[in-house]
Amino acid sequence: MAALTLGFLMDPLETVRVDHDSTFAVMLEAQRRGHQVRYFEQPWLRFGGSCAEARMRTVSVRREPGNHFDVLDEQVRPVSSLDVLFMRKDPPVDADFILATQLVELCGDKAPVFINEPTGIRDANEKLFGLRFADLMPETLISRELPALSRFVSNHPQGTILKPVEGFGGQGIVFLQPGDRNLRSLLEVLTLGGKKAIVAQAYLPESRQGDKRIIVVDGEPCGAVLRVPSQDDHRGNMAAGGTPVKTALTKRELEICARLKPSLQERGLYFVGIDVIGDWLTEVNVTSPTGIAEIDKLDNTNVAARIIDVAERLAGSR
């Protein structure tokens, strides 16, 4: 295939952890295949009168911590100059994030292939999208009302997980049991005094054995890693200190992926990370799912190659 120009809308390249960051792994694979790699940050994006444009850096990347990229070129370019644009900005999905997903679409009939589609990202809140398949998920309440949240906690003797709707990386996740004297205070803090909805989810004891991240590429599972929490924490997220452990997909997990596939493909969500605890789906991550570096290391595979395969196929039929 002829060389493509692949763009990455992401957080500052200077800050990536080269042995962990999934976006960096995809950039490396794109470069290995001879494609040109450009990146830009959300504040660099604007509308220039006829098309969305951004200050873009053409880069050369390598897996050397602290010396992992060189800038080959930097100039303002239209988004339409890209064959593929990877939307890889980390949450939170705030007003600036939503604005960025709307700006990149302003390319007339010369839009790049998006991975993932901006409309799909806006449609698939990572904490809420799975509730379209409520039978696959643990009992869940989304509310800002303190009495309703208090009742939910009281009705789940094994415990309740509370988390912000727009959270990521394990930030703001709290485990509570009935009778905890911190309950009212924590609910006030998490809901900003009843002004902001949060997620309350029945605690799954299987979480002590780990939270499984499954990478789904174009609707198909292509690897997984079990994220095991430390003894003094309830969060398995690697950003929160969880340990990555080799794992395999179960029949139930394959069934979950099959159920999600049509909805993901319909929305152009080609690169997704779903989270499963025991037999239950807990999240569907569509903004910048991580885990492929750990999967590659544990399984001696190359998930990024599967992602670039999809990018090349979509660009070829564009």
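Residues numbered from 1 in each chain as written. Predicted model: local features only at pLDDT ≥ 70, side-chain atom pairs only at ≥ 80, totals over all residues. Heavy atoms only, no water.

## So, the layout of surface pockets
Next up, step 1: Roughly 190 Å³ of internal volume is contained in the second largest pocket.
Next up, step 2: Of all the elements in the fold, those that place two or more residues in the lining of the second largest pocket are helix H1 (22-32) and helix H7 (292-299).
Next up, step 3: Per element, the largest residue contribution to the lining of the second largest pocket is four residues, and it comes from H1.
Next up, step 4: Considered class by class, the residues forming the lining of the second largest pocket number four nonpolar, one polar and six charged. (1 Å grid on protein atoms, 1.4 Å probe; cavity = no way out; pocket = protein on both sides within 12 Å on 5 of 7 lines; lining within 4 Å. Points joined across faces, edges and corners; volume = space filled by probe spheres on them. Helix = DSSP H or I, 4+ residues; strand = E, 2+ residues; numbered from the N terminus. Nonpolar A, V, L, I, M, F, W, Y, C, P; charged D, E, K, R; others polar.)

## What about the packing of helix H4 (residues 146-154) against helix H5 (residues 183-190)?
Two measures define how a pair of helices packs: the angle their axes make with one another and the distance between the axes.
Next up, step 1: At their nearest, the axes of H4 and H5 sit 10 Å apart, and the two run at 130 degrees to each other. Classified by the angle their axes make, H4 and H5 are oblique. At the point where H4 passes H5, the crossing takes the right-handed sense. In this structure, H4 uses Leu 146, Leu 149, Ser 150 and Val 153 to contact H5, whose residues at the interface are Leu 183, Arg 184, Leu 187 and Glu 188.
Next up, step 2: Residues of the contact of H4 with H5, tallied by class, amount to five nonpolar, one polar and two charged. (Axes fitted to C-alpha atoms, helices over the stretch in contact; angles between N-to-C directions. Parallel < 35°, antiparallel > 145°, perpendicular 65-115°, else oblique. Left-handed = near helix turned anticlockwise from the far one by under 90°. Contact = heavy atoms within 4.5 Å.)

## Looking at the sheet that holds strand S16 (residues 280-285)
Next up, step 1: Within the open sheet, the five strands sit side by side as S14-S13-S12-S15-S16. Their pairing is antiparallel. In the strand order of this sheet, the two ends are held by strand S14 (243-245) and S16, each with one partner. Between one strand axis and the next, the sheet turns through 30 degrees on average, direction left out of account.
Next up, step 2: Relative to S14, strand S13 (residues 220-228) runs antiparallel, the two sharing three bridges. The residue of S14 that forms the bridge with Arg 227 is Pro 244.
Next up, step 3: Its contacts with the sheet place H7 against strand S12 (211-217), S13, S14 and strand S15 (271-277), and it is angled at close to 90 degrees to S13. (Pairing = 2+ DSSP bridges.)

## Looking at the side chain of Arg 38
Next up, step 1: Take Arg 38: it is sitting in strand S2 (residues 36-40).
Next up, step 2: Of the side chains bearing the opposite charge, Asp 73 lies closest to the buried Arg 38, which forms no salt bridge; the N-O distance is 5.8 Å.
Next up, step 3: Not counting the four nearest positions on each side in its chain, Arg 38 is found in contact with Thr 5, Leu 6, Gly 7, Phe 8, Met 56, Arg 57, Thr 58, Arg 77, Ser 81 and Leu 82. (Buried < 20%, exposed > 50% of the residue type's maximum accessible area, 1.4 Å probe, protein only. Lys, Arg positive; Asp, Glu negative; His and termini not counted. Salt bridge = Lys/Arg side-chain N within 4 Å of Asp/Glu carboxyl O.)

## Observations regarding empty space enclosed by the protein
Next up, step 1: Inspection of the entire model under this criterion finds two cavities of 30 Å³ or more.
Next up, step 2: For the largest cavity, the calculated volume is near 50 Å³.
Next up, step 3: Surrounding the largest cavity, Pro 91, Val 93, Asn 125, Glu 126, Lys 127, Val 165, Glu 166 and Gly 167 form its lining.
Next up, step 4: Looking at the lining of the largest cavity residue by residue, the class counts come to three nonpolar, two polar and three charged.
Next up, step 5: Considered as a void within the structure, the second largest cavity measures approximately 30 Å³ in volume.

## Details of the side chain of Asp 296
Next up, step 1: Mapped onto the elements, Asp 296 comes out in helix H7.
Next up, step 2: Put simply, Asp 296 is tucked away with no salt bridge, and the nearest opposite charge, on Arg 63, sits 6.3 Å away.
Next up, step 3: Setting aside residues no more than four positions away along its own chain, Asp 296 makes contact with Thr 301, Asn 302, Val 303 and Ala 304.

## Examining the pattern of salt bridges
Next up, step 1: Applying the stated criterion across every chain yields a total of 28 salt bridges.
Next up, step 2: Among the salt bridges present, the one from Arg 57 reaches Glu 74, with a minimum N-O distance of 3.1 Å. Within this pair, whereas Arg 57 is found in strand S4 (residues 52-61), its partner Glu 74 is found in strand S5 (residues 69-78), the two being separated by 17 residues in sequence.
Next up, step 3: Where Arg 227 meets Asp 211, a salt bridge forms, and the shortest distance between an N and an O atom there is 3.1 Å. Taken as a pair, Arg 227 in strand S13 and Asp 211 in strand S12 lie far apart in primary sequence, 16 residues in all.
Next up, step 4: Relative accessible area serves as the criterion here: at 3%, Arg 227 is assigned to the buried category.

## Observations concerning the environment of Arg 63
Next up, step 1: Note on placement: Arg 63 falls in the loop between S4 and S5.
Next up, step 2: For the pair formed by Arg 63 and Phe 24, sequence separation is 39 residues and the distance between their alpha carbons is 8.7 Å.
Next up, step 3: Beyond its immediate sequence surroundings of up to four residues, Arg 63 is in contact with Val 18, Asp 19, Phe 24 and Leu 28.
Next up, step 4: A distance of 2.5 Å separates a polar atom in the side chain of Arg 63 from the backbone oxygen of Val 18. (Polar contact = N/O pair within 3.5 Å; in protein donor to acceptor, adjacent residues only side chain to side chain.)

## So, the packing of aromatic side chains
Next up, step 1: Applying the stated criterion across every chain yields a total of four aromatic pairs.
Next up, step 2: Here the aromatic rings of Tyr 39 and Trp 44 are separated by 5.7 Å at their centres, their planes lie at 50 degrees, and the arrangement is tilted.
Next up, step 3: Overall, Tyr 39 belongs to the buried group, its relative accessible area being 0%.
Next up, step 4: Its relative accessible area of 13% is what places Trp 44 among the buried residues.
Next up, step 5: Plain terms: the ring middles of Phe 129 and Phe 133 are 6.3 Å apart, the flat faces sit at 70 degrees to each other, and that makes the pair edge-to-face. Comparing Phe 129 with Phe 133 shows no difference in burial state: the two are buried.
Next up, step 6: Just above the ring of Trp 44 sits the side chain of Arg 55; from NZ or CZ to the centre is 3.9 Å.
Next up, step 7: The side chain of Arg 252 reaches across the aromatic face of Trp 280, ending 5.8 Å from its centre. (Phe/Tyr/Trp six-rings, centres within 6.5 Å; stacked < 30°, edge-to-face > 60°. Lys NZ or Arg CZ within 6 Å of the ring centre and 35° of its normal.)

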